[in-house]
Amino acid sequence: MTSPEQLRRLRRLLEVLNAPLDFEGSVEWRREVADAARALTGADSAAFALPWDEAQPIATFDIDPQSIQDFVERFAALDTGHLRRMELGLEVFGQSQVYPADFEETELYRDFVLKYRIHHGVGVAVDDAEGSVWFAVYRDRPDPRFEARTLPLLELALPAFKAGLATIRAMHRRQAGLAAMLDQLREPLLLCDAAGRPLHANTALVRALEADPERDVLRRALQTAADVLASLIRAPGKTRSPIAIPGERTVRTRSDEYRVRASLVGEDVVARERGILVALEPTSVAFPRAARLRERFGLTRREAEIALLLAQGRKTADIARDLVISRHTVRRHTENVLRKLGVPSRAAVAARILHP
């Protein structure tokens, strides 16, 4: 018989599984899933594996962190449980289903399960070309009834797990596509999530950091810019829009002076669908002459002038004032410049004209 308290805990697990985007990142989501699953099943510990999370592919909760290192280095080759699970086609599985009857006599049990007190694992797994995603709950002592109690509860959670996983996978693919696009740009760029945590440094940024001996100073400046904008996102009463006005600061090292610009980007006004893009721009850049730009890109004289000003980060109003033309004219020339240079935005102009 399911008690009202169990129903409440089951509802909580289903809600968390279905809403990964309600959390600031995959680790936070996995932590909440583990907490909810442990509360529902009466488990003592849990683990949640997400293979494409490079920073933390296997997150553990109330399990000795050393256990993961030991498992990878020594016991993974001895663990045939996941192969048996896949062979049987199990999406919800218990220890007794995937390990042999003499499991308690194996080295894996004696030197790993007993040592780290990870007994009677019961989990949920989904497999595809990107790898196996799973979470499992454990008891810290022998409890033969645990598996029988837990399997039907996790069966109920399986559809919600698949739904939440589909959302996470879709976001991961979008981020991977965006990272690939950023790698094609010549401007050094750092992509962060809405909480300011780094997601991807493009190739140009990696090279820029490698070239400056004081790269740690630049890393801190990039992170500070992301953190400041993230704090504005979280601040109550702030107007949110898909693209916010960039914030800028200047950072000096012994090698160069840089302008750091952070802006909010994304397709949706919901914060969890957005990210922060931080650009690192050396201020001592020697741009090519206007005549060279006209020859290389087929620009008119005025378009070449505006291209150079755009590359310096000048805004429409400033360009209009300097060239004594209207803002409308500046915008029209800007559209032509972007089209002829083959770049998606004003921010990409500098990198395009600086590199062949």
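Above this text sits the structure in question.
Residues numbered from 1 in each chain as written. Predicted model: local features only at pLDDT ≥ 70, side-chain atom pairs only at ≥ 80, totals over all residues. Heavy atoms only, no water.

Asker: Hey, could you run me through the overall build of the protein chain in this one?
Answerer: Each helix and strand in the protein chain was counted, giving 14 helices and ten strands. Against the 2.2 N^0.38 benchmark of 21 Å for 356 residues, the protein chain shows a C-alpha radius of gyration of 27 Å, more extended than a compact globule. By principal-axis analysis of the C-alpha atoms, the protein chain measures approximately 85 × 45 × 35 Å. For the protein chain, with 356 residues in total, the buried portion stands at 43%. (Helix = DSSP H or I, 4+ residues; strand = E, 2+ residues; numbered from the N terminus. Rg over C-alpha atoms; globule rule 2.2 N^0.38 Å. Buried < 20%, exposed > 50% of the residue type's maximum accessible area, 1.4 Å probe, protein only.)

Asker: How should I be thinking about the pairing of strand β4 (residues 119–128) in this particular structure?
Answerer: Side-chain positions along a regular strand alternate between the two faces of the sheet. Of all ten residues that make up β4, eight are buried, and the element is covered over most of its length. As paired elements, strand β3 (residues 92–94) and β4 share three bridges and run antiparallel to each other. Bridging across to β4, Phe93 finds its partner in Gly123. With eight bridges joining them, β4 and strand β5 (residues 131–139) adopt antiparallel strand pairing. (Pairing = 2+ DSSP bridges.)

Asker: Looking at this model, I keep getting lost on the environment of Val124. Mind explaining?
Answerer: As for its placement among the helices and strands, Val124 is situated in strand β4. Along the chain, Val124 and Lys162 lie 38 residues apart, while their C-alpha atoms are 9.7 Å from each other. Among all residues touching Val124, those that are not within four sequence positions of it are Glu91, Val92, Phe93, Val133, Trp134, Phe135, Leu154, Leu158 and Phe161. (Contact = heavy atoms within 4.5 Å.)

Asker: For this particular structure, what's the right way to read the packing of helix α2 (residues 26–41) against helix α7 (residues 144–184)?
Answerer: For any two helices packed against each other, the geometry comes down to the angle between their axes and how far apart the axes lie. At a closest axis distance of 10 Å, the pairing of α2 and α7 adopts a crossing angle of 155°. As judged from the angle between their axes, α2 and α7 are roughly antiparallel. Crossing handedness for the pair α2 and α7: right-handed. Between α2 and α7, the contacting residues are Trp29, Leu40 and Thr41 on the first element and Phe146, Arg149, Thr150, Leu153, Leu154, Gly164, Leu165 and Ile168 on the second. Grouping the constituent residues of the contact of α2 with α7 by class yields seven nonpolar, three polar and one charged. (Axes fitted to C-alpha atoms, helices over the stretch in contact; angles between N-to-C directions. Parallel < 35°, antiparallel > 145°, perpendicular 65-115°, else oblique. Left-handed = near helix turned anticlockwise from the far one by under 90°. Nonpolar A, V, L, I, M, F, W, Y, C, P; charged D, E, K, R; others polar.)

Asker: Honestly, the sheet that holds β3 in this entry has me stumped. Any pointers?
Answerer: Strands sit in the order β2-β1-β5-β4-β3 across an open sheet of five strands; the sheet is antiparallel. Both outer strands of the open sheet, β2 (58–61) and β3, are each paired with one neighbouring strand and no more. Ignoring which end each strand starts from, the neighbouring axes of this sheet average 15° apart. Sheet analysis places strand β1 (residues 45–49) next to β5, joined by five bridges and oriented antiparallel. In the sheet register, Ala46 faces β5, and the bridge partner there is Val137. Contacts from α2 reach β1, β2 and β5 within the one sheet, and its direction differs from that of β1 by about 140°.

Asker: Looking at this structure, how should I read unusual backbone geometry?
Answerer: Only a minority of non-glycine residues have a phi that is not negative, and only a minority of peptide bonds are not trans. The backbone of Arg117 shows a phi angle near 55°, a positive value even though the residue is not glycine. Mapped onto the elements, Arg117 comes out in the loop between α6 (107–116) and β4. Overall, the relative accessible area of 47% leaves Arg117 in the partly exposed class. Non-glycine residue Val324 carries a positive phi angle of around 55°. Within the secondary structure, Val324 is located in the loop between α12 (316–323) and α13 (327–341). The exposed category is assigned to Val324, whose relative accessible area is 72%.

Asker: Please explain the pattern of salt bridges as it appears in this structure.
Answerer: Pairs can form between side chains of opposite charge whenever their charged atoms are close. Per the stated rule, a full pass over the model turns up 30 salt bridges. The closest approach of N and O atoms between Asp322 and Arg314, which form a salt bridge, is 2.4 Å. Because the salt bridges share partners, they merge into one network encompassing Asp44, Arg117, Arg139, Asp140, Arg141, Asp143 and Arg149. (Salt bridge = Lys/Arg side-chain N within 4 Å of Asp/Glu carboxyl O.)

Asker: What is the right way to look at the environment of Ala225 in this model?
Answerer: The residue Ala225 is located in helix α9 (residues 215–234) in this model. Taking relative accessible area as the criterion, Ala225 reaches 11% and is therefore assigned buried. Excluding residues within four positions of it along the chain, Ala225 makes contact with Val260, Ala262 and Val278.

Asker: Can you walk me through the nonpolar core in this structure?
Answerer: The nonpolar side chains of soluble globular proteins are, as a tendency, buried together. Leu13, Leu17, Val33, Phe48, Phe135 and Phe161 are the most contacted members of the largest nonpolar core, which has 36 residues in total. In terms of residue count, α7 provides more of this core than any other element does, eleven residues in total. (Core = buried A, V, L, I, M, F, W, Y, C linked by side-chain atoms within 4.5 Å.)

Asker: Explanation requested: the side chain of His120 in the structure shown.
Answerer: Tracing the sequence through the fold places His120 in strand β4. In this structure His120 comes out as buried when scored by relative accessible area, which is 14%. Within the local environment of His120, its side chain forms a polar contact with the backbone nitrogen of Asp143, the two atoms lying 2.9 Å apart. Those residues within four positions of His120 in sequence are excluded, and the remaining contacts are Gln95, Val137, Tyr138, Arg141, Pro142, Asp143, Pro144 and Phe146. (Polar contact = N/O pair within 3.5 Å; in protein donor to acceptor, adjacent residues only side chain to side chain.)

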